[in-house]
Amino acid sequence: MFGFLKRGLSAVTGSATPAYIWIDPAKRILKEGIKETQLRLDKKLKIDTNSSIFRFRLEQEDLCLGTRVAEGVRLLKPDRSLSAPYVPISRIDDLGFVDFLVHFHSNAKKSEAATEFPSYLDSLKENDQVLCEGPVGRLAYLGSGQFSLKPDQNGEAKQVGSRYVGMIAQNTGITGFFQVRTSSSGL
């Protein structure tokens, strides 16, 4: 089964095990100079009629994906004709795999990426591949109340700190904010 489900339960019960830690750059796949990798579908877990968890294997089992807390990636079809942003739900220190929770929108008012890419992911079979680019996004949580913020996707990051943080999020942002909440509380 998926290990994060067990960790999620320990977070609910108040375990003091830290959920996120800093990762040595040598253990990251996505890092300075390397912005793309291939992921191979390992398994799918249907959560409900509208959501599934996808576990992808990394090219090297002794490395992690390389995103920081609250950072996302862009998943793409191999021909690059379709893509969508996602924030992993697996821990940033998990080696050899990455998990994504994907919601299937049936609302015609949603963007093409919000409806077509999840359907594409759902059509994948075990060992099918997707491209992964990143990290993407303007926010990363560094720990101890410190954040890295960019004015835009290509802008220079600025480190800011805060003792208290209010969060409002939807769609992809919910996962990142959950990571910040979990990592900052020591759950």
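### Re the overall build of the protein
No. 1: Within the protein one finds three helices and nine strands.
No. 2: Traced from its N-terminal end to its C-terminal end, the protein shows the element sequence α-β-β-β-β-β-α-β-β-β-β-α.
No. 3: When burial is assessed residue by residue, the protein has 37% of its 187 residues classed as buried.
No. 4: Sequence separation of 24 or more characterises 65% of the internal contacts of the protein that already satisfy a separation of 6 or more.
No. 5: Of the roughly 10700 Å² of accessible surface on the protein, 52% is carried by carbon and sulfur atoms.

### Observations concerning the packing of aromatic side chains
No. 1: Summed over all chains, the structure comprises seven aromatic pairs.
No. 2: Ring geometry for Phe 54 against Phe 104: centres 6.5 Å apart, planes inclined by 65°, an arrangement best described as edge-to-face. Of this pair, Phe 54 sits in strand β2 (residues 51-57) while Phe 104 sits in the loop between β5 (97-103) and α2 (112-123), placing them 50 residues apart in sequence.
No. 3: For the ring pair Tyr 86 and Phe 117, a centre distance of 6.2 Å and an interplane angle of 40° mean the geometry is tilted. Of the two residues, Tyr 86 is situated in strand β4 (residues 83-86) and Phe 117 in helix α2; the sequence distance between them amounts to 31 residues.

### Describing unusual backbone geometry
No. 1: Going from Gly 134 to Pro 135, the amide bond is cis rather than trans, its omega being -5°.
No. 2: For Pro 135, the position within the fold is in strand β6 (residues 129-136).
No. 3: One non-glycine residue with positive phi stands out, namely Ala 70, at about 80°.
No. 4: Residue placement: Ala 70 occurs in the loop between β2 and β3 (72-76).
No. 5: Taking the relative accessible area as the measure of exposure, Ala 70 reaches 12% and is therefore buried.
No. 6: The phi torsion at Arg 80 lies on the positive side, around 65°, for a residue other than glycine.
No. 7: Take Arg 80: its relative accessible area is 42%, and that puts it in the partly exposed class.

### Focus on the pattern of salt bridges
No. 1: A full pass over the atoms with the stated rule returns six salt bridges.
No. 2: Of the charged contacts, one joins Glu 71 and Arg 68 as a salt bridge, the two residues approaching to 3.1 Å between their closest N and O atoms.
No. 3: By relative accessible area, which is 10% here, Glu 71 ends up buried.
No. 4: If you follow the salt bridges from partner to partner, you end up with Glu 36, Arg 80 and Glu 133 in one network.

### As for the pairing of strand β1 (residues 36-48)
No. 1: Pairing between β1 and β6: five bridges, direction antiparallel. Counted as the bridge partner of Glu 36 is Glu 133 from β6.
No. 2: As paired strands, β1 and β2 are joined by seven bridges and run antiparallel to one another. Looking at β2, one finds that Lys 43 is bridged to Arg 55.
No. 3: The turn linking β1 back onto β2 is made up of two residues.

Basis of the calculations
Residues numbered from 1 in each chain as written. Predicted model: local features only at pLDDT ≥ 70, side-chain atom pairs only at ≥ 80, totals over all residues. Heavy atoms only, no water. Helix = DSSP H or I, 4+ residues; strand = E, 2+ residues; numbered from the N terminus. Buried < 20%, exposed > 50% of the residue type's maximum accessible area, 1.4 Å probe, protein only. Contact = heavy atoms within 4.5 Å. Areas by Shrake-Rupley, 256 points an atom, 1.4 Å probe, with all protein chains shown as cover. Phe/Tyr/Trp six-rings, centres within 6.5 Å; stacked < 30°, edge-to-face > 60°. Salt bridge = Lys/Arg side-chain N within 4 Å of Asp/Glu carboxyl O. Pairing = 2+ DSSP bridges.

No statement about biological role is implied by the geometric values presented.
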